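# Descriptive structure summary
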Amino acid sequence: MGFADLLERTGGMGRFQVTQVILLCLPILLMASHNLLQNFSAAIPNHWCKINDTWVLNGSKEGWVSLYSPLDENGRPNSCLEFVEIQWRPVGANITSHNSTGVETRSCTMGWEYDRKDFTSTIITEWDLVCGNRTRRQLGQSLYMAGVLLGAIILGGLSDK
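Report on the accompanying structure. (Residues numbered from 1 in each chain as written. Predicted model: local features only at pLDDT ≥ 70, side-chain atom pairs only at ≥ 80, totals over all residues. Heavy atoms only, no water.)

## Comments concerning the overall build of the chain
What counts here: Only DSSP runs of H or I with at least four residues qualify as helices, and only runs of E with at least two residues qualify as strands; both kinds are numbered from the N terminus onward. For every residue, the accessible area obtained with a 1.4 Å probe (protein chains only) is divided by the maximum for its type, and the residue is called buried under 20%, exposed over 50%, and partly exposed between those limits. Contact definition: two residues touch when any of their heavy atoms are within 4.5 Å. Computed with a 1.4 Å probe, the accessible areas rest on the Shrake-Rupley method; for each residue, only the protein chains presented here act as cover.
Across its full length, the chain holds six helices and four strands. The secondary structure elements of the chain, listed N-terminal to C-terminal, are α-α-α-β-α-β-β-β-α-α. Counting only residues that meet the buried cut, the chain has 20% of its 161 residues in that class. Considering only contacts within the chain whose residues lie at least 6 apart along the sequence, 55% involve residues at least 24 apart. Carbon and sulfur atoms provide 60% of the accessible area of the chain, an area that totals close to 11900 Å².

## Digging into the side chain of Thr125
Under the convention used in this document: Residues adjacent in sequence count toward polar contacts only when both atoms are side-chain atoms; beyond that, a polar contact is any pair of N or O atoms within 3.5 Å, and within protein one must be able to donate a hydrogen and the other to accept it.
Here Thr125 is to be found in helix 5 (residues 123-127). On the basis of relative accessibility, which here comes to 7%, the residue Thr125 falls in the buried class. Looking at Thr125, its side chain comes within polar contact range of the main-chain nitrogen of Thr122, at 2.9 Å.

## Focus: a nonpolar patch on the surface
Note the following rule: Distance thresholds for patches are 9 Å for like charges and 5 Å for nonpolar side chains (Val, Leu, Ile, Met, Phe, Trp, Tyr), applied to residues having over 30% relative accessible area and no salt bridge. The rule for a salt bridge is simple: a side-chain nitrogen of Lys or Arg has to be within 4 Å of a carboxyl oxygen of Asp or Glu.
A cluster of nonpolar side chains, contributed by Met13, Val18, Val21, Ile22, Leu23, Leu26 and Leu29, occupies part of the molecular surface with about 670 Å² of accessible area. Inspection of the secondary structure assignment puts Val18 in helix 2 (residues 15-35).

## Description of the state of the cysteines
A covalent bond between the sulfur atoms of two cysteines is referred to as a disulfide. Stated formally: For the purposes of this analysis, a disulfide is any pair of cysteine sulfur atoms at a distance within 2.5 Å.
According to the stated counting rule, one finds two disulfides in the structure shown. Sequence-ordered numbering of the bonded cysteines in the chain gives a disulfide pattern of 1-3, 2-4.

## A word on the packing of helix 2 against helix 6 (residues 136-160)
To be explicit about the condition: Helix axes use the C-alpha atoms of the stretch in contact, all axes being lines fitted to C-alpha atoms, and the angles between their N-to-C directions lie in the range 0 to 180 degrees. Put simply, angles under 35 degrees are roughly parallel, angles over 145 are roughly antiparallel, angles from 65 to 115 are roughly perpendicular, and the rest are oblique. Helix crossings are classified by the rotation of the near helix relative to the far one: an anticlockwise turn of less than a right angle makes the crossing left-handed, while a clockwise turn makes it right-handed. The residue classification treats Ala, Val, Leu, Ile, Met, Phe, Trp, Tyr, Cys and Pro as nonpolar and Asp, Glu, Lys and Arg as charged. All others, Gly included, are polar.
Here helix 2 crosses helix 6 at 160°, and the two axes come no closer than 11 Å. Judged by the angle between their axes, helix 2 and helix 6 are roughly antiparallel. Two packed elements cross with a definite hand, and for helix 2 against helix 6 that hand is right-handed. Between helix 2, through Met31, His34 and Asn35, and helix 6, the contact on the second element is made entirely by Gln141, Tyr144, Met145 and Val148. Along the lines of polarity and charge, the residues of the contact of helix 2 with helix 6 split into four nonpolar, three polar and no charged.

## What to know about the side chain of His47
Examined against the element boundaries, His47 turns out to sit in strand 1 (residues 47-49). Under the relative-accessibility criterion, His47 is labelled buried at 10%. In terms of polar contacts, His47 uses its side chain to reach the backbone carbonyl oxygen of Pro45, at 3.1 Å. Residues in contact with His47, not counting those within four places in the same chain, are Ser79, Cys80, Trp112, Glu113, Tyr114, Val130 and Cys131.

Okay, structure coming up:
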């Protein structure tokens with residue numbers, strides 16, 4: 001006798017069985033949305049090297065960033081490099097000639113500042129997971145999935161008891 005025959009003999013699929021399936025599917029659907037959560041909690045906002053505040057005279061850092069960071073191919077400050085020495089230039093100087101190849105650069109030493117217009121806080125901004133630490137971003141998803149596995153093993157056994 002197969003399961004289908006046994007189910008048919010006991011009265012078939014009733015309201016209790018349908019309710020049980022629906023109640024079991026709700027947590028599974030919520031779990032799927034948690035798997036997609038990292039797309040938002042680990043978003044990488046625009047970032048640039050932090051500027052030494054003692055050099056900024058009037059409190060506005062906008063014009064000072066290009067003195068500290070080389071520009072990328074789009075004309076924006078490079079997000080992972082800073083000049084070893086501040087690159088002073090005359091007012092009105094051509095910015096494209098400012099990025100010569102002979103200028104020595106290094107990775108950011110004082111950390112990063114983030115554009116918080118779209119995302120006020122992510123794990124990237126909290127733990128500085130940019131540039132050299134970019135590979136640690138995947139570690140967050142791996143730890144989450146390890147927690148799901150461990151929870152399934154432990155709580156699955158407890159629910160059977």
